[in-house]
There are 2 protein chains.
Amino acid sequence: MVPHLITALAGPLNELEQRILDATPVIERWFRLEWMEHTPPIYTAVNIRNAGFKVAPVDTNLYPTGWHNLADDVLPLAVQAAQAAIEKICPEARNLMIVPENGTPGSFYLAGLARLQTIFRMAGLDVRFGSIDPALKKSVTYPLPDGLPVTFQPAQRIGPAALRLGLEHFNPCTILLNNALAAGAPGILEELYEQYLLPPLQAGWTVRRMSRHYQCHEEICKRFGKLLGIDPWLIHPLFAACGQIDPGTPQGAAALREETSGLLSKVRRKYKEYGIHEKPRIIIKARGHSLHLTTVRDIKDLDILLAQLPKNKEAAEGKAPLSAAPCDFLAQESVASAERIGDTEAEPVVYTIDRYVVGGYYRVQAEAAERTHYVPLAFAGNAQLPPPARETRDGGATAPNRFYLYGVVGRLALVAASYELEATDPEMLTIDDDAP
Amino acid sequence: MVPHLITALAGPLNELEQRILDATPVIERWFRLEWMEHTPPIYTAVNIRNAGFKVAPVDTNLYPTGWHNLADDVLPLAVQAAQAAIEKICPEARNLMIVPENGTPGSFYLAGLARLQTIFRMAGLDVRFGSIDPALKKSVTYPLPDGLPVTFQPAQRIGPAALRLGLEHFNPCTILLNNALAAGAPGILEELYEQYLLPPLQAGWTVRRMSRHYQCHEEICKRFGKLLGIDPWLIHPLFAACGQIDPGTPQGAAALREETSGLLSKVRRKYKEYGIHEKPRIIIKARGHSLHLTTVRDIKDLDILLAQLPKNKEAAEGKAPLSAAPCDFLAQESVASAERIGDTEAEPVVYTIDRYVVGGYYRVQAEAAERTHYVPLAFAGNAQLPPPARETRDGGATAPNRFYLYGVVGRLALVAASYELEATDPEMLTIDDDAP
């Protein structure tokens, strides 16, 4: 189910959107069947780009922040979804501990945490923050401009044999990680067999591979496309996994060049097939590397960038730490956003809790030196849920739910994340740690 | 979870309301634990009266109509709840059949059914209406002023050995009854072992006893009151079950008089305890009898009414069919509504699907010859979910959720209905058909 939120979409429904609205019952049942076999991550925020001719997820965040940017009137959906999640995970639960990011939190991050606390409190839990930052030695309270202060306490192992994680006088049933574990899972989170740790440890940044996520996504979109009779390319960004490479070495540079070049040709063919007169672009993704989020319009651009990279020898001498070590590289079709708020490009972000879409907002891209800002999406007040197709086509009184498409694309990324977490689950037999 | 809807409540939070808002996590957990042991009816509409000093349910309808009166913006909550219900009952489901009331439907009833169809369609089901009215021999389509027409088809036994109920070329997994079975369960609904029939047959009018519902409610409110440290009377209407009587006979009249008189004294004592200077009133409930919904302020009023009743002898001669047979009588404390919309008394109605509150509206009482009308409750746009008590008391920026109290009272009636349906479940050992 997807709430009917006000989007910036103003033009007529295109074919893809109409097809998806028409197929609502079929789509909802398909997701229902997926969730019989797979477990969704407890929460996600999925960044989506709508290019007009195609729509695709560009980031699937398993430690979503910014919850305060959701409109107030969609919060009951978040609470209801949180309740459904708790009922499945640990129905007797009284306490929930949220593990925040390490370091001193900014006001944006704190405001999002406070809203997350409200959601789970309303779902019937006593919610506290237990920090795993080794630098946090005692309880610290951060004031918030509009709301209650947020208190971080040092998380500790508790109970007989220190088998559980909690706080002094606070023994949670479930631990909600809002910490991407950028340095890997610390010892304090290991061997917690008596409590639920959500998302699981393999959702941490050091374990996740973008390539694995998009491989899962591709497979899912193929099946979904077949169900609806649509080309999966319309909902999936093409990509090429380069694996662990260092473009500072000749071999690494050649591999990246080859994958990017091949992908550019693939995208060009697709554009030709659909009569799209734009110039294809590829985005390089390699978290922690200086080339991360570089856009390539022509392979010559990449050649210039590669030539400018410090060579591996220098990196080894400590002069260029960013490209020092091999890094997981992904080349991906760049999906431009055709949506605008005012004159500025805007990108919808879809939030999920458990299997449910609970809201969204527009992330409005920073112009020059200005900061990114967020436009909450409220319910479309004068409108209904996606009406049956006939109603739409006959120009009936009710408007179609333009947000529905985003809810579907967001949930396809959610299904992909669930496959991804299964593939890296140490308790499952199908361990595939060598995936590129 | 309870959506934050705009209520007509304007005064300061009274003690009861504040206590309930403060205890939100405890209350939500309590309901969660109840639903581990008990199954809520698939849907209900609970009429509530808020007298200011106390709040209580006055009717728990297990075949709710009027779904179109819920505000459009709360519909995603209904759809999400419907999805959660389907996932538990029959996750593979493709089809749902709704059994409407017998007879020719009015436009109010049809508009409610159409909205119910939309809710379950959005939850991923193909929804059709299968009528069990023996008078309906072929498909009939009723137009609706603002929306798609509604088609009733004759329900029929289908499949090998006619073990299932469905339509021609339509084999539902679940059958949703929106028919109160006023004449008892017809043969066509019997022995359906392969499909889910919701609510179950014992929810029909001929099986339900108001006394059983309020007995369950009393027991639940005692436990809930203990949890919160409040007098259960503040959330429960006192009642006296008279059983199957005919007030047209001297014995029946005496029994009704005695129970009503005793109840008046009880309510008087409670009013004295709480310093309430109003005159207690008792309402007589006896579906199908001429005394149904009579209000008694003084036992002398009842004496006059009883004297006016046709005597049983006359009834036996067919002159007074309404009091001809013994009828299930209940005397109940009348809870007056202190809420007004404009100058008119308004009564909140809370809708649930599965275990979730999905919306509500105000039923505005008919004035003289005017008709009852309905005021949808939309989300309180400028407000938050029930904030923690500190925030409220410190006069923070967020308003308390005045609808939360109604969501709690509505769900206590929901729990009572679930106990009631267990008590009358023919498959359970604790059959108690002789309950008064």
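Residues numbered from 1 in each chain as written. Chains lettered and ligands numbered in written order. Predicted model: local features only at pLDDT ≥ 70, side-chain atom pairs only at ≥ 80, totals over all residues. Heavy atoms only, no water.

Colleague: Sorry if this is basic, but what is going on with the sheet that holds strand β6 (residues 150-154) of chain B here?
Modeller: The pairing of strands in a sheet comes from backbone hydrogen bonds and takes either a parallel or an antiparallel form. Residues and elements named next belong to chain B. Pairing is mixed across the open sheet formed by six strands, whose spatial order is β5-β6-β4-β3-β9-β10. Each having just a single partner strand, β5 (140-142) and β10 (196-198) make up the two edges of the open sheet. The average undirected angle you get between the axes of adjacent strands in this sheet is 30 degrees. Two strands pair when backbone bridges link them, and strand β9 (residues 174-177) and β10 are joined in this way by three bridges, in the parallel orientation. Residue pairing across strands places T174 opposite Y196, the latter belonging to β10. Packed onto the sheet, helix α4 (residues 107-122) meets β3 (95-99), β4 (126-131), β5, β6 and β9 and runs at close to 145 degrees relative to β4. (Pairing = 2+ DSSP bridges. Helix = DSSP H or I, 4+ residues; strand = E, 2+ residues; numbered from the N terminus. Axes fitted to C-alpha atoms, helices over the stretch in contact; angles between N-to-C directions. Contact = heavy atoms within 4.5 Å.)

Colleague: Which parts of the structure should I look at to understand the packing of helix α2 (residues 24-37) of chain A against helix α5 (residues 210-228) of chain A?
Modeller: Packed helices, taken two at a time, are described by the angle their axes make and the gap between the axes. Residues and elements named next belong to chain A. Here α2 crosses α5 at 145 degrees, and the two axes come no closer than 11 Å. For the pair α2 and α5, the crossing hand works out as right-handed. Each of V26, I27, W30 and E34 in α2 lies in contact with α5, whose residues at this interface are I220, R223, F224, L227 and L228. The residue makeup of the contact of α2 with α5, split by class, is seven nonpolar, no polar and two charged. (Left-handed = near helix turned anticlockwise from the far one by under 90°. Nonpolar A, V, L, I, M, F, W, Y, C, P; charged D, E, K, R; others polar.)

Colleague: What exactly am I supposed to notice about the domain arrangement of chain A here?
Modeller: Frequently, the measure chosen for interface size is the accessible area that the parts lose on association. Residues and elements named next belong to chain A. The assigned domain composition of chain A is domain 1 (12-62 + 338-423), domain 2 (72-207) and domain 3 (240-333). The partner domain 2 presents 21 residues to the 14 residues of domain 1 that form the contact. Summed over both sides, the interface between domain 1 and domain 2 buries roughly 1500 Å², with carbon and sulfur atoms accounting for 72% of that surface. Where domain 1 packs against domain 2, one counts one salt bridge. Residue K88 is joined to D354 by a salt bridge in which the shortest nitrogen-to-oxygen separation is 2.8 Å. (Domains from an automatic or database assignment. Buried area = accessible area lost by both parts, 1.4 Å probe. Salt bridge = Lys/Arg side-chain N within 4 Å of Asp/Glu carboxyl O.)

Colleague: What's the story with the side chain of K54 of chain B in this structure? I'm lost.
Modeller: All names here are of chain B. You can see K54 is positioned in the loop between β1 (43-50) and β2 (55-61). Side-chain polar atoms of K54 contact the backbone oxygen of H236, separated by 2.7 Å. In this structure, K54 is in contact with R49, W233, L234, H236, P237, L238, E333 and V335, ignoring residues within four places of it in sequence. (Polar contact = N/O pair within 3.5 Å; in protein donor to acceptor, adjacent residues only side chain to side chain.)

Colleague: Honestly, the environment of Y374 of chain B in this entry has me stumped. Any pointers?
Modeller: All names here are of chain B. With respect to the helices and strands, the residue Y374 is situated in strand β18 (residues 373-376). What makes Y374 partly exposed here is its relative accessible area of 25%. A C-alpha to C-alpha distance of 23 Å links Y374 and D354, two positions 20 residues apart in sequence. Those residues in contact with Y374 that lie beyond four places of it in its chain are N69, F108, Y361, Y362 and R363. (Buried < 20%, exposed > 50% of the residue type's maximum accessible area, 1.4 Å probe, protein only.)

Colleague: Help me understand the nonpolar core in this model?
Modeller: Across soluble globular proteins, nonpolar side chains have a tendency to be buried as a group. Grouped together as the largest cluster of nonpolar side chains are 218 residues, with contacts concentrated most on F120 of chain A together with F120 of chain B. For F120 of chain A, the residues in contact, after removing those within four places along its chain, are A82, I86, L96, L125, V127 and L176 of chain A. (Core = buried A, V, L, I, M, F, W, Y, C linked by side-chain atoms within 4.5 Å.)

Colleague: Sorry if this is basic, but what is going on with the interface of chain A and chain B here?
Modeller: In this complex, chain A contributes 48 residues to the contact, which on the side of chain B involves 50 residues. Summing both sides of the interface, chain A and chain B together bury roughly 4600 Å²; the carbon and sulfur share of this comes to 59%. Area buried by chain A at its contact with chain B is led by R32, Q80 and R121 of chain A, which between them contribute 16% of it. One can count two salt bridges joining chain A with chain B. The shortest N-O distance in the salt bridge between E87 of chain A and R355 of chain B comes to 3.0 Å. On inspection of chain A and its partner chain B, the count reaches 18 residue pairs in polar contact (both at pLDDT 80 or more). Those elements giving two or more residues to the side of chain A that touches chain B turn out to be α1 (15-22), α2, α3 (75-89), α4 (107-122), β17 (356-364) and α9 (389-393) of chain A. Top contributing element to the side of chain A that touches chain B by residue count: α3 of chain A, with ten residues. For the side of chain A that touches chain B, the class distribution of residues is 28 nonpolar, six polar and 14 charged.

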